[in-house]
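Given next are the chains, with one letter for each unit.
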Amino acid sequence: MKKLKKPRIPLMIGMSFIVLVALFITCSFFSWSSKDYFEDMAIDESQAGAKIAAAGIEEIIFSSVKNVDEIADKKIRSELEKRFTHICRESELQYIFVYTVDQNEKRHYILFSGSEEGFDEKYWEEYHYGITDDEPLTDAERQALAGDRGGCYEFREELNDNICAWIFPLMDDEGKIEALLEVDYNYRVIKGLFVVLMVRSWVLVGVVVLFSMLIARALLKRLIFKPVKKLSRNMEHFSKHRSLKYAKRKTLTRNEITDIEDSFESMVNDITGYMEHIEKLTADEVQNKTQMDVARKIQQGIVPDKYGIKGSEYDLFGISHPAKEVGGDFYDIFFLDEKRVCAIIGDISGKGVSAALFMMMVKSSIREKIRAGRGVADSLNDTNAYICASNPECMFATVFAFILDLTDGKVTYANAGHNPPLLLGDEVKELKVDSGLAIGLFDDADIQEHTLFLKKGEGIFLYTDGITEAIDKNEKQFGIDRLIAQMSENTDTVGFPAREKTLTLIEKVLKYQEGLQQFDDMTGLMALYMGKEDTEGGASFEEFSKMKETIMHVITNEDKAKNAVLACEEIYVNIMDYSGADSVNLAWEERDDKLIVRFMDNGKPFDPLKNDGPKHEFEDLDKGGMGINLVKRYTQNISYRRDMGQNILSLTLDT
């Protein structure tokens, strides 16, 4: 069915209001005009009778007396009053007054008569001969005093009477005004008709208004109240249950309420679609976050946030601060044998899971080949050939790798497109190296190997471009100059300087770009060479004293730090006194809220974790310590392995 042209609710209400106002104005105008009409009717009705009565009264008066002063005679006055009473009744007049006006505008009543029975007795005391009246003269009286014989009238209310008073001048033969004649006509009946008519009119208006209000109420209930109530319940039901309680109503007409219903239905559809979309996005986001968490855990297992190793001849520390949960930077520090340690740093193109997976592949390949005995340049070239053979995403990695010989400070290195490292010593400066080609670009990169020698107290610092390219609020980069200046501060090698200097640098860079989002990963790796120390009787306890400082610094809880030091000291004392080792190396890794400490010695093979049976074997070896039970009590986990002729014992501590 074709819908009718929609009436607008405001237009309907406005038109109804206009009709009611028009009706009210019409009735008011009718009342006002009717009042004038009835007043004119009273004037016309009374004028003719008043003029005839006035003419007769004037003739009667001057035929009886020569002037009005003779009316003072009681007999004459009584005769005239009787004749005036007769005239009042015949002409339907209410009252007749004859009075004079002195120079002070005071009224002096001479004659007074009326049509009512008992009038003389009733009103004589108020209007008998000689009574004066000080009330101001009316306009009609002044007009009559001026000689207007056409009749001057006025309206006044007296008790329950509505009087139309006609004033005529009484003149003698010479035209002199002797007195004023007032003839009163009572138009009470006419006004009663007017009142009845007005009452009926306003009753009719009231009935029409009431009927209109009932119709308006029915229309408002049908067009507004019921639809709005249903719409409100639908909104409440939708907010709680994501569904509508009532189906959309069918209407033949269109108005604002139907427009609101259509808009609400459209909004419901939009919100439903939006919520479904949000739920899908949330599910995808949860899935992606889960994947990222898994990838991050995998990455952390391969690239720890912080990792370092420490010995009498060396101090190496690395840190990775990714821009996203899973970054593309990586580093690696590991021993090749007792006298050589290897360090690698790299920067993968891109960010996120794909970069992390690519990083894992590159890092694992390089590490595997170097540990297999390949040189650093050959390992990078082999990895490049392997990557180029299977790289559908066309990703690449810049890598710098070196091997430090702890006997003489010899560094063998190769660069695959990475930033030149800094050479640390009396003067901090960039190391002049071949840039080389990044891994994954061309299969014939031909990366070359180079060597240098570190003196005692010198070192090398590797970093990714996330450090030098960090920007501040003025979009100025941190730059190589600030990096060199920062590395030049406090160049002594007391304690664990590699860790302290690297962490300080990262803090400075983060503060430099404070207030801005980190847009690139930041990774730094420092290697310091302290030279060969001659020690008598094997390993030196001085190295553990330095490690103790680090433990106390990393573990902020004082009780936990003391317990960790006790556990580590127990292990270190037993290694020094009873393992027969002449070399003890320390390594540590900071991961989340854990500190992993590794003891590496070249003593005889011994796994204390496999000696719980007798419960005395380890204690027998530990003549002055508190035993393996104390170590287990103060650590979260203990693991042991034998690798490359070394005992490697790892303690996991809670920070």
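Structure: above.
Described in the following lines is the structure provided in the data block. Since we're looking at a predicted model, the values are computed, not measured.

## A short note on the sheet that holds strand β16 (residues 458-463)
Reasoning step 1: Ordered by their spatial adjacency, ten strands build an open sheet running β14-β13-β16-β17-β8-β7-β18-β19-β21-β20, and the pairing between neighbours is antiparallel. At either margin of the open sheet sits one strand with a lone partner, and together these are β14 (429-430) and β20 (637-643).
Reasoning step 2: With eight bridges connecting them, strand β19 (residues 594-601) and strand β21 (residues 646-654) associate as antiparallel partners. The residue of β21 that forms the bridge with K594 is D654.
Reasoning step 3: Helix α10 (residues 479-488) rests against β13 (422-424), β14, β16 and β17 (522-529) of the sheet, and its axis sits at about 15 degrees to β13.

## Focus on the packing of α10 against helix α11 (residues 497-512)
Reasoning step 1: Between α10 and α11, whose axes approach to 10 Å, the crossing angle comes to 140 degrees. The angle between α10 and α11 falls in the class oblique. Of the two possible hands of crossing, α10 and α11 adopt the one that is right-handed. Counting all contacts with α10, which are made through R482, L483, Q486 and M487, the residues of α11 involved are K501, T504, L505, K508 and Y512.
Reasoning step 2: Taken together, the residues of the contact of α10 with α11 sort by class into four nonpolar, two polar and three charged.

## Thoughts on α10
Reasoning step 1: What α10 keeps buried is the set G479, L483, Q486 and M487. Projected onto a plane normal to the axis of α10, the buried residues spread over an arc of 120 degrees and lie on a single side.
Reasoning step 2: Looking at the packing, one finds that the buried side of α10 touches β13, β16, α9 (465-468), α11 and β17.

## Some details on the packing of helix α7 (residues 353-371) against helix α8 (residues 376-389)
Reasoning step 1: In contact at an axis separation of 9 Å, α7 and α8 are set at 140 degrees when each is read in the N-to-C sense. Relative to α8, the element α7 is oriented oblique. Note on packing geometry: the crossing formed by α7 with α8 is right-handed. Contact residues: α7 offers F358, M361, V362, S365, I366, K369 and I370, while α8 offers V376, S379, L380, D382, T383, Y386 and I387.
Reasoning step 2: Considered class by class, the residues forming the contact of α7 with α8 number nine nonpolar, three polar and two charged.

Criteria and thresholds
- Residues numbered from 1 in each chain as written.
- Predicted model: local features only at pLDDT ≥ 70, side-chain atom pairs only at ≥ 80, totals over all residues.
- Heavy atoms only, no water.
- Pairing = 2+ DSSP bridges.
- Helix = DSSP H or I, 4+ residues; strand = E, 2+ residues; numbered from the N terminus.
- Contact = heavy atoms within 4.5 Å.
- Axes fitted to C-alpha atoms, helices over the stretch in contact; angles between N-to-C directions.
- Parallel < 35°, antiparallel > 145°, perpendicular 65-115°, else oblique.
- Left-handed = near helix turned anticlockwise from the far one by under 90°.
- Nonpolar A, V, L, I, M, F, W, Y, C, P; charged D, E, K, R; others polar.
- Buried < 20%, exposed > 50% of the residue type's maximum accessible area, 1.4 Å probe, protein only.
- Arc of directions from axis to C-beta.

None of the figures reported here should be taken as evidence of function without further support.
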